[in-house]
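The chain contents come next:
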Amino acid sequence: MNFPPHTALPQTPLLVVDKAALLRNLDRMQALCTAAGVRLRAHGKTHKCSTLGRLIIERGAVGLCAQTVGEAEAFVAGGITDVLVTAAPPPWAAPRLAALAKGGATIGVTADDEGQIDRLSDAAVAAGTILNLVVDLDLGTHRTGAYPHDALTLARAADAAPGLRFAGLQAYLGHLQHMDDGDLRRSADEAAFAMLKALVAELTAAGLPPPVVTGGGTGTHAFDLASGVFTELQAGSYAVMDVEYDDCGAPGGGDWPFEPSLYIASSVVSTRHKSHVVVDAGFKAVSMDGPPARVIAGAAPGSLWRPMGDEHGLIAHPAMIDVLKAGGRDPLGFAGAVSAADADPARAFPADAPKVGDIVWLQPGHCDPTINLYDALHVWDGEALERWAVDGRRVSSI
């Protein structure tokens with residue numbers, strides 16, 4: 001990436017998107033889906049940004065997925081008129097989803113039990129509108145979703161419920177997306193495809209052919225597009241990518257067709273120690289549910305970022321990583337190892353260590369929850385930064 005200069009950054013930590021790389025990712029995924037004859041319904045939970053969502057749709061996607069009701073509301077308010085809520089909504093959410101449909105948007109909702117179907121039906125009837133009901137399947141993730149043997153019962157309930165339209169099946173295989181063993185990822189995905197194909201045949205024979213079979217993700221996209229069963233792909237992270245996807249590798253091996261486009265700009269705020277400098281990006285700037293953020297630029301090659309609290313992180317110089325290893329995870333061990341290195345006259349401050357005020361660029365370990373920590377994406381086109389609101393973040397309606 002051609003990173004923006006220090007003078008272009010209004011503050012740090014700042015979430016910065018390489019616009020050229022982002023657009024290449026969007027175009028590549030749309031081309032893959034078009035070639036496979038599969039519609040793209042990109043997942044908005046990755047970016048929570050209606051501006052980015054509109055770009056995806058302009059390139060050919062049929063709509064977006066949303067994980068929460070708040071995301072769906074933000075996307076519709078941002079001009080996106082076709083949204084599928086991919087997680088079973090809590091009871092309070094049914095009237096709000098019906099209100100979106102009443103306002104003119106095409107709203108799909110997933111459900112995995114008959115109580116959910118009844119509540120959504122009641123809300124749709126009360127609003128005088130129609131919701132598309134997609135039966136959510138559990139093929140191994142064990143988060144939400146009905147077992148396949150219950151799918152026909154739920155499809156019949158949706159088909160019979162006033163205010164609802166039976167719109168198809170969802171099968172998201174989240175547990176497979178980051179599997180390191182590529183062969184196992186493929187075989188597990190193909191086993192799920194076989195179950196899904198059998199279920200489609202069962203529903204078709206019962207007179208309820210699913211209009212849509214939606215699911216899949218970035219980590220399995222190549223298998224999903226070749227499966228012959230999905231009619232929609234729900235991938236989302238492909239737009240920006242992250243360390244976790246880079247580490248697990250592309251489905252089928254080889255290079256990813258998508259490139260990193262999301263970075264965190266952090267400022268060096270202290271250089272008192274030989275082993276590391278301190279930046280202003282800590283737990284509140286970098287999600288820690290995946291691998292650590294990766295140092296991309298602004299520090300010596302091989303430098304490592306590690307958190308040092310809510311608002312701080314360290315950038316360990318590669319020549320000094322032995323100091324941190326000697327300290328281990330024990331806070332007293334770390335303190336002693338750093339102090340010993342600072343007091344050792346045989347150890348000099350690395351000449352190529354970043355200075356106070358320098359910018360160190362990080363790639364997030366996990367893109368989705370990292371974006372959720374920020375109120376905006378700052379999109380760099382090579383000349384200027386443009387601010388795109390992360391308008392789908394959770395907010396209170398009160």
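This report concerns the structure included in the present document.

Thresholds applied
- Residues numbered from 1 in each chain as written.
- Predicted model: local features only at pLDDT ≥ 70, side-chain atom pairs only at ≥ 80, totals over all residues.
- Heavy atoms only, no water.
- Helix = DSSP H or I, 4+ residues; strand = E, 2+ residues; numbered from the N terminus.
- Expected span 1.5 Å × (residues − 1).
- Contact = heavy atoms within 4.5 Å.
- Polar contact = N/O pair within 3.5 Å; in protein donor to acceptor, adjacent residues only side chain to side chain.
- Disulfide = S-S within 2.5 Å.
- Buried < 20%, exposed > 50% of the residue type's maximum accessible area, 1.4 Å probe, protein only.
- Arc of directions from axis to C-beta.

## Observations regarding helix H7 (residues 182-205)
Side chains three or four residues apart in an α-helix point the same way, a direct result of the helix having 3.6 residues per turn. The terminal C-alpha atoms of H7, which comprises 24 residues, lie 35 Å apart, in line with the 34 Å expected from a rise of 1.5 Å per residue. Buried-residue contacts for H7 involve helix H6 (151-160), strand S7 (164-171), strand S8 (212-215), helix H8 (221-226) and helix H9 (243-248). Looking at where H7 begins, the residue whose side-chain oxygen comes 3.1 Å from the main-chain nitrogen of aspartate 183 is aspartate 181. Of the residues trailing H7, glycine 207 is marked for its positive phi of about 85°.

## Considerations on the state of the cysteines
All told, the structure shown has zero disulfides when counted by the stated rule. Not part of a disulfide, cysteine 49 finds its nearest cysteine sulfur in cysteine 367, a span of 13 Å. Judged by relative accessible area, which is 0%, cysteine 49 ranks as buried. Unpaired in terms of disulfides, cysteine 367 finds its nearest cysteine sulfur in cysteine 248, a separation of 11 Å.

## Overview of helix H1 (residues 19-36)
Here H1 spans 26 Å end to end across 18 residues, near enough to the 26 Å set by a 1.5 Å rise per residue. Within the span of H1, buried status applies to Ala21, Leu22, Asn25, Leu26, Met29, Gln30 and Cys33. Relative to the axis of H1, the buried residues are bounded by an arc of 165° and lie together on one face. Exposed side chains of H1 directed beyond 90 degrees from the buried face belong to Thr34 and Ala35. Looking at the buried side of H1, the elements it contacts are strand S1 (14-18), strand S2 (39-43), helix H2 (50-58), H8, strand S9 (232-233) and strand S17 (385-389). For H1, the N-terminal capping position is held by aspartate 18, with its side-chain oxygen 3.2 Å away from the main-chain nitrogen of alanine 20. Backbone geometry just after H1 places glycine 37 at a positive phi near 70°.

## Structural notes on the environment of isoleucine 130
Secondary-structure assignment places isoleucine 130 in the loop between helix H5 (114-127) and strand S6 (131-136). Once the C-alpha coordinates of isoleucine 130 and proline 89 are considered, the two residues, 41 residues apart in sequence, prove to be 16 Å apart. Discounting residues that sit within four places of it in the chain, isoleucine 130 has contacts with Ala101, Gly163, Leu164 and Arg165.

## Let's talk about the environment of isoleucine 321
Examined against the element boundaries, isoleucine 321 turns out to sit in helix H10 (residues 321-327). Separated by 18 residues in sequence, isoleucine 321 and serine 303 have C-alpha atoms that sit 8.3 Å apart. Once you skip the residues sitting within four places of it in the chain, isoleucine 321 turns out to touch Gly302, Leu304 and Ala316.

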